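Close look at the chain arrangement
Here are the chains, one letter per residue:
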Amino acid sequence: MAAKKTSLIVESAKELLEEKGMNFNQWKKEIVTTKKLEIMEGKNLQWEHSIVEEAALEVITKDLKERRKKGNNTKEINKNIEQEGVEYT
């Protein structure tokens, strides 16, 4: 199993907080709770825009993949029709 990877920034903050006698996990919990409340109250518009853009990108990507797949299927059907010599009148 791979070792747990932590950010140098987080590790540095953890050390500084511990030097000041603060519990890192409690500090982290307070930060996360504050951000969650801001989000729920509509006070964190930057996060909201970021999440909406991420979701929009997922919608676009999914649609493009479906179109590409549909296009490939249509090409394959047309190829099979041409090979079989089927004519429509």
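Residues numbered from 1 in each chain as written. Predicted model: local features only at pLDDT ≥ 70, side-chain atom pairs only at ≥ 80, totals over all residues. Heavy atoms only, no water.

Time to look at the overall build of the protein chain. Looking only at helices and strands, the protein chain features three helices and zero strands. For the protein chain, the α and β elements follow one another from N to C terminus as α-α-α. Expressed as a percentage of its 89 residues, the buried residues of the protein chain come to 3%. Here the protein chain displays about 8700 Å² of accessible surface, and carbon together with sulfur accounts for 56% of that area. (Helix = DSSP H or I, 4+ residues; strand = E, 2+ residues; numbered from the N terminus. Buried < 20%, exposed > 50% of the residue type's maximum accessible area, 1.4 Å probe, protein only. Areas by Shrake-Rupley, 256 points an atom, 1.4 Å probe, with all protein chains shown as cover.)

What follows deals with the pattern of salt bridges. Taken as a whole and assessed by the stated rule, the structure comprises three salt bridges. Across the salt bridge formed by E38 and K35, the nearest N and O atoms sit 3.6 Å from each other. Taken together, the positions of E38 and K35, both in helix α2 (residues 24–40) and three residues apart, correspond to about one turn of that helix. You can call K35 partly exposed: its relative accessible area is 42%. Two residues, E41 and K43, come together in a salt bridge whose shortest N-O distance is 3.1 Å. (Salt bridge = Lys/Arg side-chain N within 4 Å of Asp/Glu carboxyl O.)

Attention now goes to helix α1 (residues 8–19). The end-to-end C-alpha distance of α1 is 17 Å, a good match for the 16 Å that 12 residues give at a rise of 1.5 Å each. Between a side-chain oxygen at the N-terminus of α1 and the backbone nitrogen of I9 the separation is 3.1 Å; the capping residue is S7. (Expected span 1.5 Å × (residues − 1). Polar contact = N/O pair within 3.5 Å; in protein donor to acceptor, adjacent residues only side chain to side chain.)

Model confidence for the protein chain is summarised by a mean pLDDT of 85, while 82% of its residues fall at 70 or above. Across the protein chain, the element-wise mean pLDDT spans from 84 in helix α3 (residues 45–84) up to 95 in α1. (pLDDT = per-residue confidence, 0-100.)

A word on α2. Its 17 residues give α2 an end-to-end C-alpha distance of 24 Å, which sits within 8% of 24 Å, the value for a rise of 1.5 Å per residue. The residue sitting at the N-terminus of α2 and contributing the capping side-chain oxygen is N23; that oxygen lies 2.8 Å from the backbone nitrogen of N25. Backbone geometry just downstream of α2 places G42 in the positive-phi region, at approximately 75°.

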